[in-house]
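Chain by chain, the residues:
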Amino acid sequence: MSRHRSRPPNPGIQTMTRFKVVDNSVLGKQATLSGKAPYCIHVYKKGARQKHMPRANLGDKILVAIKGELKKAFVVGECRHRSLTEHGVPSTDSNNIVLIDDEGNPLGTRILAPIPSALRARRDHPELTKLLALATKFV
């Protein structure tokens, strides 16, 4: 463990990983106030092997369970230990998501946490571009 970190590194975002909602959606506020954090159910990404769930990275779409509902979300921050080859991608102290509806539109109107500027490189994804338009702070 690095001497600069207070806890061991996280291997990545997988099933049952807990999140913090960083937009101002009503559902996200209710989950924060109730104390029950949303958790990952599925990662919309092909894995290396079939029948094995892949791990999500920044900018990946996931399915989360929040307040008894299933919602889609984008990962906008992760507390994953980065290797030396991935300089410039900040590591946060919590796994952050932004909730979206079935059409890909964000449920909130603002994003309250800073977004890694590495997500700007993925502007080819149309749903992710909508989220980047709402963000005011980039790290």
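Rules used in this analysis
Chains are numbered independently. Their residues run from 1 in the order of the written sequence. Under the rules for a predicted model, residues below a pLDDT of 70 receive no local features and side-chain atom pairs below 80 are neither given nor counted, while totals for whole chains, interfaces and linings still include all residues. To get the side-chain values, take all heavy atoms of the structure and skip hydrogens and water. When DSSP finds two or more bridges between two strands, those strands count as paired. Secondary structure elements follow DSSP: runs of H or I no shorter than four residues count as helices, runs of E no shorter than two count as strands, and numbering proceeds from the N terminus. Contacts are residue-level and defined by heavy atoms, with any inter-residue pair within 4.5 Å sufficient. Only the contacting stretch of a helix is used when fitting its axis, a line to C-alpha atoms as for every element, and angles between N-to-C directions run 0 to 180 degrees. In the analysis that follows, any N or O atom pair within 3.5 Å is treated as a polar contact, provided that within protein one partner can donate a hydrogen and the other can accept it, and provided that, for residues neighboring in sequence, both atoms belong to side chains. Whether a residue is buried, partly exposed or exposed follows from its accessible area with a 1.4 Å probe, protein chains only, as a fraction of its type maximum: under 20%, in between, or over 50%, in that order. The arc in question is the one traced by the directions running from the helix axis out to the C-beta atoms. Among buried residues, those of type Ala, Val, Leu, Ile, Met, Phe, Trp, Tyr and Cys that are joined through side-chain atoms within 4.5 Å constitute a nonpolar core.

Caption draft 1: Expanded view of the sheet that holds strand S1 (residues 20-21). Read from one edge to the other, the open sheet built from five strands follows the order S1-S5-S4-S3-S2, with strand pairing classed as mixed. Only two strands of the sheet have a single partner each, and these edge strands are S1 and strand S2 (39-43). Pairing of strand S4 (residues 69-77) with strand S5 (residues 96-100), which is carried by five bridges, proceeds in the antiparallel orientation. What sits directly across from Gly77, in S5, is Asn96. In the packing of helix H1 (residues 26-34) onto the sheet, contacts are made with S1, strand S3 (61-66), S4 and S5, and the angle to S3 comes to roughly 55°.

Caption draft 2: Geometry of the side chain of Ser25. Within the secondary structure layout, Ser25 lies in the loop between S1 and H1. Within the structure, the side chain of Ser25 is placed 3.1 Å from the side chain of Asp23, a separation counted as a polar contact. For Ser25, the residues in contact, after removing those within four places along its chain, are Leu99, Leu107 and Gly108.

Caption draft 3: How the structure looks around helix H2 (residues 126-134). All of the buried residues in H2 are Glu127, Leu128, Leu131 and Leu132. For H2, the arc enclosing every buried residue in end-on projection is 140°, short of the 170-degree limit, so these residues lie on one face. Along H2, exposed side chains directed more than 90 degrees from the buried face belong to Pro126 and Ala133. On its buried face, H2 is in contact with S3, S4 and S5.

Caption draft 4: Representation of the nonpolar core in the model. Phe19, Ile62, Val64, Ile66, Ile97 and Leu99 are the most contacted members of the largest nonpolar core, which totals 15 residues. For this core, the secondary-structure elements that each account for two or more residues are H1, S2, S3, S4 and S5. Ranked by residues supplied to this core, first place goes to S3 with three residues. Excluding residues within four positions of it along the chain, Ile66 makes contact with Val21, Leu27, Gly28, Ala31, Pro38, Lys71 and Leu99.

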